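So the chains spell out like this:
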Amino acid sequence: MKTLRQPSKSESAIISQSPYLHKSLQGELPDLWEKFQGGNSSALTALYRQYVQQLYNYGRQFAEHAIVQDCIQDVFYDLIRKRENLKSVQNVKAFLFACLRHRVIKQLKKLEKQQSNVLVRLRGGFGVDLVEVPFEDREVMVQEEIDKLKAACNQLTDRQREAVLLYYYEKLSYKELTTVMQLGKISSARILMHRAMQSLRKILCH
Amino acid sequence: MQYKDFTHLDFIQDQYFLDWVQNPSMENERFWQDWLMHNPDKEKEIQLAKALIGSITYSKHYELDERALVEMNENIVRFNNNHPQENTSKGRSRSMITRYTTAAGFLLIVSLASWLNWPAAMQPIAEPVEMVTKFTPAGAKMKLVLPDGTRVILNSQSSITYPEQFVNQERVVHFYGEAFFDVQPDPEKPFIILTENLETRVLGTSFNVSAYPGDKVNKVAVSHGMVKVIGQTGEQVLLSQNEMVILNLEKETIRRGLFNMIEETGWKDGTLYFRDVPLGEVFLTLEKWFDVEIHCTEDVRLTDIYSGQYSNESLDNILKGISYTSGLVFTIGEKNVNITSGKEVSTK
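## Topic: the overall build of chain B
Here is step 1: Looking only at helices and strands, chain B has 9 helices and 19 strands in total.
Here is step 2: For chain B, the residues scored as buried account for 49% of the 348 residues in total.
Here is step 3: Put simply, 51% of the contacts in chain B that link residues at least 6 apart link residues at least 24 apart.

## Focus: the nonpolar core
Within soluble globular proteins, side chains that are nonpolar generally end up buried alongside one another.
Here is step 1: Ranked by size, the top nonpolar core spans 86 residues in total, and within it Tyr58, Ile72, Tyr168 and Met193 of chain A together with Phe11 of chain B carry the most contacts.
Here is step 2: Setting aside its immediate chain neighbours within four residues, Phe11 of chain B contacts Tyr3, Phe6, Phe17, Trp32, Trp35, Glu45, Ile46 and Ala49 of chain B.

## Side note on the interface of chain B and chain A
Here is step 1: Residue-level contacts link 78 residues of chain B with 70 residues of chain A.
Here is step 2: Between chain B and chain A, roughly 7400 Å² of surface is buried when both sides are summed, and carbon and sulfur atoms account for 59% of that area.
Here is step 3: Remark: the boundary between chain B and chain A carries 2 salt bridges.
Here is step 4: With a shortest N-O distance of 3.6 Å, Glu66 of chain B and Arg49 of chain A are connected by a salt bridge.
Here is step 5: Linking chain B with chain A are 14 residue pairs in polar contact (both at pLDDT 80 or more).

## Observations regarding the packing of helix H4 (residues 65-81) of chain A against helix H5 (residues 66-82) of chain B
Here is step 1: Relative orientation of the contacting elements H4 of chain A and H5 of chain B amounts to 25 degrees, with a least axis distance of 10 Å. By the angle between their axes, H4 of chain A is roughly parallel relative to H5 of chain B. Judged by the sense of rotation from one axis to the other, the crossing of H4 of chain A with H5 of chain B is right-handed. Residues Gln69, Ile72, Gln73, Phe76, Tyr77, Ile80 and Arg81 of chain A of H4 of chain A touch H5 of chain B, and the partners they reach there are Ala68, Glu71, Met72, Asn75, Ile76, Phe79 and Asn80 of chain B.
Here is step 2: Classifying every residue of the contact of H4 of chain A with H5 of chain B gives 8 nonpolar, 4 polar and 2 charged.

## Points about the pairing of strand S15 (residues 271-278) of chain B
A regular strand places its side chains on the two faces of the sheet in alternate fashion.
Residue and element names in this part refer to chain B.
Here is step 1: The element S15 is largely enclosed, with a buried count of 6 among its 8 residues.
Here is step 2: Sheet topology places S15 next to strand S17 (residues 305-311); 6 bridges connect them, and they run antiparallel. Among the inter-strand pairings, Pro278 is bridged to a residue of S17, identified as Ile305.

## Comments concerning helix H9 (residues 186-205) of chain A
At 3.6 residues per turn, the α-helix brings residues three or four places apart onto the same side.
Residue and element names in this part refer to chain A.
Here is step 1: Compared with the 28 Å implied by 1.5 Å per residue over 20 residues, the 29 Å span of H9 between its first and last C-alpha is a close match.
Here is step 2: Where H9 is concerned, the buried positions are Ala189, Leu192, Met193, Ala196, Met197 and Leu200. Down the axis of H9, the buried side of the element spans an arc of 130 degrees, and every buried residue falls inside it. With respect to the buried face of H9, the exposed residues turned more than 90 degrees away are Lys202 and Cys205.

## Some words on the pattern of salt bridges
Residue and element names in this part refer to chain A.
Here is step 1: On inspection of all chains with the given rule, the structure shows 14 salt bridges over all chains.
Here is step 2: Of the charged contacts in the structure, one is a salt bridge between Asp74 and Arg103, with a shortest N-O distance of 3.8 Å. Placement of Asp74 in helix H4 and of Arg103 in helix H5 (residues 92-114) is noted, with a sequence separation of 29 residues between them.
Here is step 3: In this structure Asp74 comes out as partly exposed when scored by relative accessible area, which is 27%.

## Brief notes about the packing of aromatic side chains
Two aromatic rings are characterised by how far apart their centres lie and by the angle between their planes.
All names here are of chain B.
Here is step 1: Counting across every chain of the model gives 33 aromatic pairs over all chains.
Here is step 2: Ring centres 5.1 Å apart and planes at 90 degrees place the aromatic pair Phe31 and Trp32 in the edge-to-face group.
Here is step 3: According to the relative accessible area criterion, Phe31 is partly exposed, its value standing at 33%.
Here is step 4: Through successive ring pairs, a cluster of aromatic residues spans Tyr3, Phe6, Phe11, Tyr16, Phe17, Trp20, Phe31, Trp32 and Trp35.

## Section: H5 of chain B
Residue and element names in this part refer to chain B.
Here is step 1: For H5, with 17 residues, the first-to-last C-alpha span of 24 Å sits near the 24 Å given by 1.5 Å per residue.
Here is step 2: Where burial is concerned, most of H5 is hidden: 12 out of the 17 residues are buried.
Here is step 3: Taken residue by residue, H5 has Ala68, Leu69, Val70, Met72, Asn73, Glu74, Asn75, Ile76, Val77, Phe79, Asn80 and Asn81 as its buried positions.

## Looking at the environment of Glu235 of chain B
Residues and elements named next belong to chain B.
Here is step 1: Summarising the element assignment, Glu235 is placed in the loop between strand S11 (227-231) and strand S12 (236-239).
Here is step 2: Residues Glu235 and Ile254, spaced 19 residues apart in sequence, show a C-alpha to C-alpha distance of 8.2 Å.
Here is step 3: Among all residues touching Glu235, those that are not within four sequence positions of it are Val229, Ile230 and Ile254.

## Notes on the confidence of the model for chain B
Residue and element names in this part refer to chain B.
Here is step 1: Residues with a pLDDT of 70 or more make up 81% of chain B, whose mean pLDDT is 75.
Here is step 2: A low-confidence stretch, residues 87-127 (pLDDT under 50), is modelled with 42 contacts involving residues beyond four sequence positions or located in other chains.
Here is step 3: With pTM at 0.53, the complex prediction returns an ipTM value of 0.79.

Calculation criteria
Within each chain, residue numbers correspond to sequence positions counted from 1 in written order. Each chain is given a letter, starting from A, and each ligand a number, starting from 1, according to the order in which they appear as written. pLDDT decides what is reported in this predicted model: residues at 70 or higher carry local features, side-chain atom pairs at 80 or more are listed and counted, and totals for whole chains, interfaces and linings draw on all residues regardless. Side-chain metrics in this entry use all non-hydrogen atoms of the structure; hydrogen atoms and water are not considered. Helix and strand labels come from DSSP, where a helix needs a run of H or I of at least four residues and a strand needs a run of E of at least two; each type is numbered from the N terminus. For each residue, the accessible area found with a 1.4 Å probe, counting protein chains only, is set against the maximum for its type, and the residue is called buried under 20%, exposed over 50%, and partly exposed in between. Only heavy atoms matter for contacts: two residues are in contact if any of them lie within 4.5 Å across the pair. We define a nonpolar core as any set of buried Ala, Val, Leu, Ile, Met, Phe, Trp, Tyr and Cys residues linked to one another through side-chain atoms lying within 4.5 Å. Buried area is a sum: the accessible area each of two parts loses on coming together, probed at 1.4 Å, counted once for each and added. In what follows, salt bridge is the name for a side-chain nitrogen of Lys or Arg lying within 4 Å of a carboxyl oxygen of Asp or Glu. For the purposes of these results, a polar contact is taken to be a pair of N or O atoms within 3.5 Å, where, inside protein, one atom must be able to donate a hydrogen and its partner to accept one; residues adjacent in sequence count only when each atom of the pair is a side-chain atom. In this analysis an axis means a line fitted to C-alpha atoms, helices contributing only their contacting stretch, and an angle means the value between N-to-C directions, from 0 to 180 degrees. For this classification, under 35 degrees means roughly parallel, over 145 means roughly antiparallel, 65 to 115 means roughly perpendicular, and everything else is oblique. Working rule for handedness: look at the near helix, and if it is turned counterclockwise from the far one by less than a right angle, call the crossing left-handed; if clockwise, right-handed. Nonpolar residues are Ala, Val, Leu, Ile, Met, Phe, Trp, Tyr, Cys and Pro. Charged residues are Asp, Glu, Lys and Arg, and all others, Gly as well, are polar. Think of it this way: DSSP has to see at least two bridges between two strands before they count as a pair. To estimate the expected span of a helix, count its residues, drop one, and scale the result by 1.5 Å. Here the arc refers to the set of directions running from the helix axis out to each C-beta atom. Only Phe, Tyr and Trp rings take part, Trp by its six-membered ring, and two of them pair if their centres are within 6.5 Å. Stacked means planes under 30 degrees apart, edge-to-face means over 60, and tilted covers everything else. You can read pLDDT as the predictor saying how much it trusts each residue, on a scale of 0 to 100.

If you want it as structure tokens, here you go:
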């Protein structure tokens, strides 16, 4: 017989990793959306925590802090209001990005109309940077090449830079890109990216 | 054009290549490794393309600060509480709305007020005040009201020490074990709970603290309002509704998570909730809950995982429930329980 008052070392190791601790949010992502639709308010907070910083960073490329903060809040209010009708959402991130973009642009247009002499729209959003990533062969990408490409990227149009960042950095597919940027057809997204790449080549060749 | 004529700019435009870089799978990994073997001269272009894809980022990154994050979460949760699911009956949902509206409005004012009145440094001033200590033995729970009106429910084997009157600038209580606090709002006097490893500052109202001596993990879970938790080394975490902080004393990590309300605070309403918990831990909880000593034979696997939920059940019924899934055999004595694996005992 042994008593449980003092668990052995191996047991306490297991107890210390007790599953009482809530599993990390990432692990629960797949059904977060359904849980949220089912009215689970923890899932709502988890969704918010998961995406709020990404949304904020994206929104700030268009507009100033106060506008973006208000719009993000409105996006979540809309989600709550319409939660029953959102069954078909496949990619939550792309959906939230699309909602936010729509709201921010609508708000900017409204403000520009109200105070036509004040410029509310931020210029130079979606600046592209190339960070140095550690990879095996340091000689492959020399600083000069990085700088050249960075400069080339930043000569693209606003929309092209936005598409490049959404596609490569945010990892959206062409289909999701179409939704977020309201391009209508997937082929338009492909064309947008293709034009961006063509311009890059042109700039780099000179 | 074929892959062997590609430059790095072609590769980064190629969907199949991008898939490999961003979502490597068995299949695309095999294809590209194989392709590289046959086209070793393309290694440089491939490396460059990979590096480029991984290095593209925004030149300006924007981040919301913690305060804005919490404020927005509060607003969203409040909005959610005012918009219950449509499928609830009309009359009921209306009464829910009014109830939540008053509560939430109140909470918001309190939390904002606490923020505005947050002084840079408020050291408690030592005054000769009588201290009161309440302790709950195993198997018992206690409801008490502190001099400021704060309601506390102490779980078993827990202790709280507080002054007879809160005369200082801060309402400080010393505490170990587990308790649910419903703090009387007072923006002038922050409510502070000191445990061995945590300082919990209350900005809103109700939350659960779990910090038993010897526990590897301490937890603070917030059901309403805002709470600031400060670890030993000074790291601070601001929590709002539905969030909890988990302090792991062994790994010395402090992290934020969500929690299941029943799981964390169900005990105060007599609910025992186990979700994927090792049997060893289940037994330890039962020992505290029912004030019994549990003994078991060597062949009982304490690491087996158990899940179950019991509301105001007797020890007898809970053990029956556990034996139903685990096959263990329980013998209940006056103050102790013996557990065997239920398998044939070897002669050894």
